[in-house]
Amino acid sequence: MPAKDLFHNTVKTALQKDGWTITDEHLFIQVEDVDFYIDLTAERIFAAEKTGKKIAVEIKSFLGASDVTEFHLALGQCLNYRSALRLIEPDRTLYLAVPVDVYDEFFSRRFIQRIIGEYKLKLLIFNPAQEEIVIWRD
């Protein structure tokens, strides 16, 4: 099993504060002969509708030497996970979780915004100090 990201427990707490129930940590998905581990999965039931929303969250701290390299890795991972989820759990939506300072400083760049739009990447932006979700970006 892969190691937890530095902000794993922070994002887990933020999701719980936002009304989500954590259903799995390190969700294991096997597609044909490839294994994947997604950091967190969560569900929220909407009482009025008696239906729920299921999400998977890949957490990235962006603490490496290059934000561009970290973004390449995160994007590739998310695209693979999204494809795997479509086959195994098509009702689950994948989000990439990033700290608010990384979002403000790096993800706000025009080219990065263009790539996020082109690949329809869904983002969960969190405040690590407050352990809260700041923005859901669909």
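Here is a short report on the structure shown in this document. (Residues numbered from 1 in each chain as written. Predicted model: local features only at pLDDT ≥ 70, side-chain atom pairs only at ≥ 80, totals over all residues. Heavy atoms only, no water.)

**Here we look at the overall build of the protein chain**
Logical step 1: In terms of regular secondary structure, the protein chain is built from four helices and six strands.
Logical step 2: Ordering the α and β elements of the protein chain from the N terminus gives α-β-β-β-α-β-α-α-β-β.
Logical step 3: For 138 residues, the compact-globule estimate of 2.2 N^0.38 gives 14 Å, and the C-alpha radius of gyration of the protein chain, at 15 Å, lies within 12% of that figure.
Logical step 4: Across its three principal axes, the protein chain shows a C-alpha extent of roughly 40 × 40 × 30 Å.
Logical step 5: In the protein chain, which comprises 138 residues, the proportion classed as buried is 41%.
Logical step 6: In the protein chain, the share of contacts with a sequence separation of at least 24, taken over all contacts with a separation of at least 6, comes to 56%.
Logical step 7: Total accessible area computed for the protein chain in this model is approximately 7700 Å², and 50% of it derives from carbon and sulfur atoms.
Logical step 8: Here the protein chain contributes 17 positively and 22 negatively charged side chains, and the mean placements of these two sets differ by 6 Å. (Helix = DSSP H or I, 4+ residues; strand = E, 2+ residues; numbered from the N terminus. Rg over C-alpha atoms; globule rule 2.2 N^0.38 Å. Buried < 20%, exposed > 50% of the residue type's maximum accessible area, 1.4 Å probe, protein only. Contact = heavy atoms within 4.5 Å. Areas by Shrake-Rupley, 256 points an atom, 1.4 Å probe, with all protein chains shown as cover. Lys, Arg positive; Asp, Glu negative; His and termini not counted. Charge placed at Lys NZ, Arg CZ, Asp CG, Glu CD.)

**Thoughts on unusual backbone geometry**
Logical step 1: Of note in this structure, E32 is not a glycine but carries a positive phi near 55°.
Logical step 2: Here E32 lies in the loop between strand 1 (21-31) and strand 2 (34-46).
Logical step 3: Of note, the phi angle at E131 is positive, near 50°, even though the residue is not glycine.
Logical step 4: Following the sequence through the fold, E131 ends up in the loop between strand 5 (123-127) and strand 6 (132-137).

**Here we look at helix 1 (residues 8-17)**
An α-helical turn contains 3.6 residues, so a residue and the one three or four places further along point in the same direction.
Logical step 1: Turning to helix 1, its buried residues number three or more, namely H8, T10, V11, A14 and L15. With its buried residues spanning 165° around the axis, helix 1 presents them on a single face.
Logical step 2: At the C-terminal side of helix 1, G19 shows a positive phi close to 95°. (Arc of directions from axis to C-beta.)

**What to know about the nonpolar core**
Logical step 1: In terms of nonpolar packing, the biggest core is built from 28 residues, with I29, I38, F62, F71, L96, F107 and L123 touching the most fellow members.
Logical step 2: Looking at this core, the elements that each hand over two or more residues are strand 1, strand 2, helix 2 (67-88), strand 4 (92-99), helix 3 (100-107), helix 4 (110-118) and strand 5.
Logical step 3: It is helix 2 that contributes the most residues to this core, seven residues altogether.
Logical step 4: Of all hydrophobic cores here, the second largest spans 16 residues; its members include W20, I59, Y95 and L124. (Core = buried A, V, L, I, M, F, W, Y, C linked by side-chain atoms within 4.5 Å.)

**Describing the packing of helix 3 against helix 4**
Logical step 1: In contact at an axis separation of 8 Å, helix 3 and helix 4 are set at 105° when each is read in the N-to-C sense. By the criterion of interaxial angle, the relationship of helix 3 to helix 4 is roughly perpendicular. Of the residues in helix 4, those touching helix 3 at Y103, F106 and F107 are I112, Q113 and I116.
Logical step 2: Partitioned by chemical class, the residues of the contact of helix 3 with helix 4 number five nonpolar, one polar and no charged. (Axes fitted to C-alpha atoms, helices over the stretch in contact; angles between N-to-C directions. Parallel < 35°, antiparallel > 145°, perpendicular 65-115°, else oblique. Nonpolar A, V, L, I, M, F, W, Y, C, P; charged D, E, K, R; others polar.)

**Things to note about the pattern of salt bridges**
Logical step 1: Taken as a whole and assessed by the stated rule, the structure comprises six salt bridges.
Logical step 2: The closest approach of N and O atoms between E43 and R92, which form a salt bridge, is 3.8 Å. Of this pair, E43 sits in strand 2 while R92 sits in strand 4, and the two are 49 residues apart along the sequence.
Logical step 3: The residue E58 makes a salt bridge to K60 at a minimum N-O spacing of 3.3 Å. (Salt bridge = Lys/Arg side-chain N within 4 Å of Asp/Glu carboxyl O.)

Limitation: the analysis is restricted to geometry and does not speak to function.
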